[in-house]
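Survey of secondary and tertiary structure
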Amino acid sequence: MRTWWGQLKRDLEAPIEARGFGTGWFAGFFGILLAFAGLSMVVALRWPNWFAMPELDVIRSSSAFRPLIHVVLIAAYALALLSLLLRPRKALGITALGLALGATILGGAAVQPQETRDWGIFFGVDFFIVNMVATGLMMAPIERAFPRLATQRLFRPEWREDLFYFLLSSMLVQLITFLALAPSTYVNTHWDWLNGVRATISAWPWLVQFALAMVLTDLAQYWIHRLFHRIPFLWGFHAVHHSARTMDWLAGARMHFVEVVLLRGLTSLPLLTLGFLPSVMQAYVGMVYVYASLIHGNLRGDFNRLGRWIVVPRFHHWHHAIEPEAVDKNFAIHFPIIDRIFGTCHWPDSRWPDGYGVPEQVPSGYLAQMKYPFVRRES
């Protein structure tokens, strides 16, 4: 098993010159991607009580969903075989073939639900696929087309950790949502004095509500984000996010579980308690998922003027910079004017950071990073 994983890791991290068309690398990579997506969809259909989000049932029950699985698995088989034919190293093709076979053995596109004891608990396998399609399959090609660092690869150092964070945050969406909604549930239940505000905001035009949601959420994000930098115990959690030494769309997924719950629970208070229309909330959440990947992305463009008003990748890259001049700067996620008002804006013309990360030694590996805030010693 260790030998196979080592070969797969070596193939995925192969230098750019070894990935050209005709080498079988792209066939193997996309074969794995499609096979994993197909397997995940089959698992969600076979054990819906355990591995599927109820909110995505409308997608799973559509007439096009099973034919889509069939096409995805056929494409995965074809790409796996093509990679096996073209590539001297067979780890990519064998992995894609194994995943596709696993999906077929479980029932493929014709899979039927299995009886399971419904405890009301599920793991969002289908949500992970939706997330990957909405962000990864969009951002990865954009980064290839408009990279700031053209030599930076998709499978750069630390990619396994960040992909695991991405997977786990999707799989644990039910638990994270339950915990993150606790503050807003309490406010909505006990703060009846906000009813007048809720009635007023809900009557406003949709675009006005959406703009206000962005402003209020960014103000909440700014101060909570700043507290994570200023309070030593909270910084231990946030240091995990800042420990990424490479910036791309996947780096934004590296967040300690405790920070995810606290940050989402507190920054979403204005959005969830002030009477915004459900469609406004849904649109804002969808936008933030994509926007967070965008501002962490390996994307070129200085945007000296636009970046004074809207957070662009270079603005947020300075927040992650290792340079002393950028420490505790650029906390806003939408509007840099908030940082300018409170004296935390760092926006040098046409300059990018020389490096990313934190001075302290944050350990590698998911479990070690989950433990880190509780064993961290202040320097």
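Figured I'd write up the structure that's included with this text. (Residues numbered from 1 in each chain as written. Predicted model: local features only at pLDDT ≥ 70, side-chain atom pairs only at ≥ 80, totals over all residues. Heavy atoms only, no water.)

1. A word on the environment of G22
Where we set the bar: Helical segments are the DSSP runs of H or I of at least four residues, strand segments are the runs of E of at least two, and each set is numbered from the N terminus. Any residue under 20% of the maximum accessible area for its type is buried, any over 50% is exposed, and the rest in between are partly exposed; the area is computed with a 1.4 Å probe on protein chains only.
With respect to the helices and strands, the residue G22 is situated in the loop between α1 (2–12) and α2 (25–46). Looking at G22, the relative accessible area reads 57%, which means it is exposed.

2. Some remarks on the side chain of H225
As a reminder, the rule being used: Residue contacts follow a heavy-atom distance rule, with two residues in contact if any of their heavy atoms lie within 4.5 Å.
Mapping H225 onto the fold places it in helix α12 (residues 206–230). Ignoring anything within four residues of it in the chain, the contact list for H225 reads H238, H319 and F331.

3. Side note on the environment of T185
Applied cut-off: Each polar contact in these results corresponds to two N or O atoms within 3.5 Å; when the atoms are within protein, one needs to be able to donate a hydrogen and the other to accept it, and residues that are neighboring in sequence are counted only if both atoms are side-chain atoms.
Position of T185 among the secondary structure elements: in helix α10 (residues 182–190). Separated by 2.8 Å, the side chain of T185 and the backbone oxygen of L181 make a polar contact.

4. Re the packing of α2 against helix α6 (residues 91–105)
Our working definition: Every angle, taken between N-to-C directions, lies between 0 and 180 degrees, and every axis is a line fitted to C-alpha atoms, over only the stretch in contact when it is a helix. The labels follow the angle: roughly parallel below 35 degrees, roughly antiparallel above 145, roughly perpendicular from 65 to 115, and oblique for the rest. Definitions for this section: a left-handed crossing has its near helix turned counterclockwise from the far helix by less than a right angle. A right-handed crossing has that turn clockwise. When residues are grouped by polarity, Ala, Val, Leu, Ile, Met, Phe, Trp, Tyr, Cys and Pro land in nonpolar, Asp, Glu, Lys and Arg in charged, and all others, Gly among them, in polar.
With their axes 8 Å apart at the nearest point, α2 and α6 run at an angle of 20 degrees to one another. By the angle class used here, α2 and α6 are roughly parallel. The chirality of how α2 crosses α6 is left-handed. Contacts between α2 and α6 involve W25, G28, F29, G31, I32, A35, F36, G38, L39 and V42 from the first element and L92, T95, A96, L99, A100, G102 and A103 from the second. Tallied by class, the residues present in the contact of α2 with α6 amount to twelve nonpolar, five polar and no charged.

5. Details of α6
Our working definition: Any helix carries an expected span of 1.5 Å times its number of residues minus one.
Under the 1.5 Å per step criterion, the end-to-end length of α6 is 21 Å for 15 residues, consistent within 8% with the ideal 21 Å. If you check which residues of α6 are buried, you get A91, L92, G93, T95, A96, A100 and A103.

6. Re helix α5 (residues 65–86)
Across its 22 residues, α5 extends 32 Å between first and last C-alpha, which sits within 8% of the 32 Å expected from 1.5 Å per residue. Residues of α5 that are buried sit in contact with α2, α4 (57–60) and α6.

7. Focus: the pattern of salt bridges
The condition is simple: We define a salt bridge as a side-chain nitrogen of Lys or Arg found within 4 Å of a carboxyl oxygen belonging to Asp or Glu.
One pass over the full model with this rule turns up eleven salt bridges. Across the salt bridge formed by R87 and D11, the nearest N and O atoms sit 3.4 Å from each other. Of this pair, R87 sits in the loop between α5 and α6 while D11 sits in helix α1, and the two are 76 residues apart along the sequence. Judged on exposure class, the residue R87 and its partner D11 are both buried. As a salt-bridge pair, D162 and R156 come within 2.8 Å of each other at their nearest N and O atoms. The same class applies to D162 and to R156, which are both buried. In this structure, a network of salt bridges that share partners links the residues R156, E158, E161, D162, R245, D248 and R254.

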